[in-house]
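# Structural description and commentary
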Amino acid sequence: MASFPQASAAGALEALNLANMIIIMSSAQNATTHRTNCEQLSEHVRLIGNLLEKLKSTDLTKLPATKEPLDGLEEALRKALRLVESCRDKSCLYMLAMGWNVVYQFRQVQDEIDHFLRLVPLISLVHEFRMQAIEEDQREYTLEEVDVEAQNVILKPNRTKKDADILEKSLSRRYPELDFDEALQEEKDKLNIELLCSRTNNDADQCRVIEHLIDVTENVVNDLPGKKMKKLLVNEPTYVISGYISNAKSSYEDPDLKQSEWQADLFACSRDPCLSLKTCVYPCGTFSWIANKVSQGKISRERAINDLMAYSLFCGCCCYTCCMRKKLREHFNIEAGVCDDFLTHLMCCCCALVQEWRELEIRGFDGRCSTTSSSRNCLLQFA
């Protein structure tokens with residue numbers, strides 16, 4: 001039993017060291033991307049560090065029950081340190097492309113740190129004032145307006161001279177000592193290293209994003225006439241961004257080129273747990289959204305639900321839902337058969353609906369935001 005107090009005390013000391021490293025790494029001299037978010041996290045971690053300093057001098061670190069939450073706190077601080085290090089070391093273009101994902105990671109890591117801190121026994125009694133200050137310190141992590149503007153530029157399949165000026169301005173903040181061409185070469189070198197890591201991890205979605213960004217460094221201006229961009233709102237995971245990039249590129253390079261495979265996997269429901277849960281609880285809602293999109297608004301959501309109920313009374317709802325799957329396949333030229341559609345909806349109806357929803361989002365199909373689908377962000381569409 002004597003080893004538990006020593007382990008707890010060591011855990012508190014290691015957590016304190018990690019907190020100090022985060023503060024140092026988050027300084028303006030070290031952070032190159034998401035600088036404001038790094039500074040926000042640093043200020044919050046500074047409060048944690050002050051509490052850990054006081055915690056070392058108490059008997060709390062000698063309690064066996066303290067070891068597990070301190071281990072969790074240490075791991076959460078390690079995640080925070082890795083996140084801050086990625087803002088310094090990773091490619092600026094990649095961190096901009098994944099901007100809102102990174103913002104979500106900042107929010108998540110602060111919640112995780114505070115969660116484990118609250119689990120330390122009696123901490124609220126011994127240091128009630130300090131703990132209250134930490135709980136009230138709710139930081140606002142977001143993406144700066146200039147970074148959103150740069151993100152829109154680098155995710156475009158084609159860019160104008162004006163876009164290049166925006167990108168040059170953004171990179172000049174990260175590489176003040178380099179000219180634009182040198183900054184692009186520096187980014188390309190970092191992206192090539194990250195591409196090797198992604199290929200080693202067999203992460204196809206991330207590879208697609210990085211390959212697009214490498215192309216940006218090589219061809220900043222490659223505007224094609226006859227296409228016009230609408231506003232881009234990106235708050236999606238990597239697989240959505242990578243799907244949007246590949247779909248947008250194909251639209252520019254060859255208008256007649258169509259995909260022949262599903263870009264969303266049938267059994268990848270875990271990638272969107274909220275949608276999966278909603279579909280399991282209320283599949284009619286998911287199906288009505290899909291029917292409205294596939295029909296390009298010709299079938300309203302109310303009509304889709306009414307038709308679905310009618311089919312379920314006479315010949316089974318799968319007969320109707322598989323017809324929408326068939327229309328979706330025909331639009332994207334996805335190879336399969338009617339029997340495959342029927343069996344998929346008969347055996348794995350919820351998984352099929354989630355796959356179809358994600359397929360429409362990944363491909364950015366029908367970007368018009370109606371009131372019935374305002375809960376989801378519109379991906380890039382072409383006028």
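Below is a summary of the structure that appears in this document.

### Considering the overall build of the protein chain
Secondary structure assignment for the protein chain yields 18 helices and zero strands. Considering the protein chain as a whole, with its 383 residues, one finds that 47% of them fall into the buried category. Summed over its atoms, the accessible surface of the protein chain is roughly 19200 Å², and 54% of this surface lies on carbon and sulfur atoms.

### Re helix 8 (residues 145–154)
Turning to helix 8, its buried residues are D147, A150, Q151, N152, V153 and I154. In this structure, the buried residues of helix 8 make contact with helix 4 (92–97), helix 5 (99–119), helix 9 (161–174) and helix 11 (204–218).

### What to know about a negative patch on the surface
A contiguous patch of negative charge, built from E168, E177, D179, D181, E182, E186 and D189, is present on the exposed surface. Its place among the elements puts E168 in helix 9. You can call E168 partly exposed: its relative accessible area is 36%.

### Things to note about a nonpolar patch on the surface
A cluster of nonpolar side chains, F342, L343, L346 and M347, forms an exposed patch at the surface whose accessible area comes to about 400 Å². Topologically, F342 is positioned in helix 17 (residues 338–347).

### Observations concerning helix 5
Side chains that are three or four residues apart share a direction in an α-helix, a result of its 3.6 residues per turn. Helix length check: helix 5 (21 residues) gives 31 Å between terminal C-alpha atoms against 30 Å at 1.5 Å per residue, within 8%. Every buried residue of helix 5 is accounted for by G99, V102, V103, F106, V109, Q110, E112, I113, D114 and L117.

### Regarding empty space enclosed by the protein
Inspection of every chain in the model, using the stated rule, returns two cavities of 30 Å³ or more. Considered as a void within the structure, the second largest cavity measures approximately 30 Å³ in volume. If you trace the second largest cavity, you find it lined by H34, R35, T36, N37, T142, L143, E144 and D147. Broken down by element, the lining of the second largest cavity gets its largest block of residues, three residues, from helix 2 (residues 35–56).

### Things to note about unusual backbone geometry
Even without being glycine, H34 reaches a positive phi, approximately 50°. Relative to the helices and strands, H34 is located in the loop between helix 1 (3–25) and helix 2. Exposure remark for H34: the relative accessible area of 4% places this residue in the buried category. Notably, N202 is not glycine yet its phi reads approximately 55°, a positive angle. With respect to the helices and strands, N202 occurs in the loop between helix 10 (180–200) and helix 11.

### A look at the state of the cysteines
All told, the structure shown has zero disulfides when counted by the stated rule. Between C207, a free cysteine, and C197, which holds the nearest cysteine sulfur, the sulfur-to-sulfur gap is 9.9 Å. Overall, C207 belongs to the buried group, its relative accessible area being 9%.

### Re the environment of R46
Within the secondary structure layout, R46 lies in helix 2. On the accessibility criterion, R46 (35% relative accessible area) is partly exposed. Spatially, the C-alpha atoms of R46 and I22 are 8.9 Å apart, while their sequence positions differ by 24 residues.

### Remarks on the pattern of salt bridges
Following the criterion strictly, the structure yields 18 salt bridges and no others. Close ionic contact of E75 with R82 constitutes a salt bridge, the shortest N to O distance being 3.5 Å. As a salt-bridge pair, R325 and E356 come within 2.8 Å of each other at their nearest N and O atoms. Of this pair, R325 sits in helix 16 (residues 317–332) while E356 is found in helix 18 (residues 349–362), placing the two residues 31 residues apart along the sequence. Each member of the pair, R325 as well as E356, is classed as buried.

Cut-offs used in this document
- Residues numbered from 1 in each chain as written.
- Predicted model: local features only at pLDDT ≥ 70, side-chain atom pairs only at ≥ 80, totals over all residues.
- Heavy atoms only, no water.
- Helix = DSSP H or I, 4+ residues; strand = E, 2+ residues; numbered from the N terminus.
- Buried < 20%, exposed > 50% of the residue type's maximum accessible area, 1.4 Å probe, protein only.
- Areas by Shrake-Rupley, 256 points an atom, 1.4 Å probe, with all protein chains shown as cover.
- Contact = heavy atoms within 4.5 Å.
- Patch = residues over 30% accessible without salt bridge, like charges linked within 9 Å, V, L, I, M, F, W, Y side chains within 5 Å.
- Salt bridge = Lys/Arg side-chain N within 4 Å of Asp/Glu carboxyl O.
- Lys, Arg positive; Asp, Glu negative; His and termini not counted.
- Charge placed at Lys NZ, Arg CZ, Asp CG, Glu CD.
- Expected span 1.5 Å × (residues − 1).
- 1 Å grid on protein atoms, 1.4 Å probe; cavity = no way out; pocket = protein on both sides within 12 Å on 5 of 7 lines; lining within 4 Å.
- Points joined across faces, edges and corners; volume = space filled by probe spheres on them.
- Disulfide = S-S within 2.5 Å.

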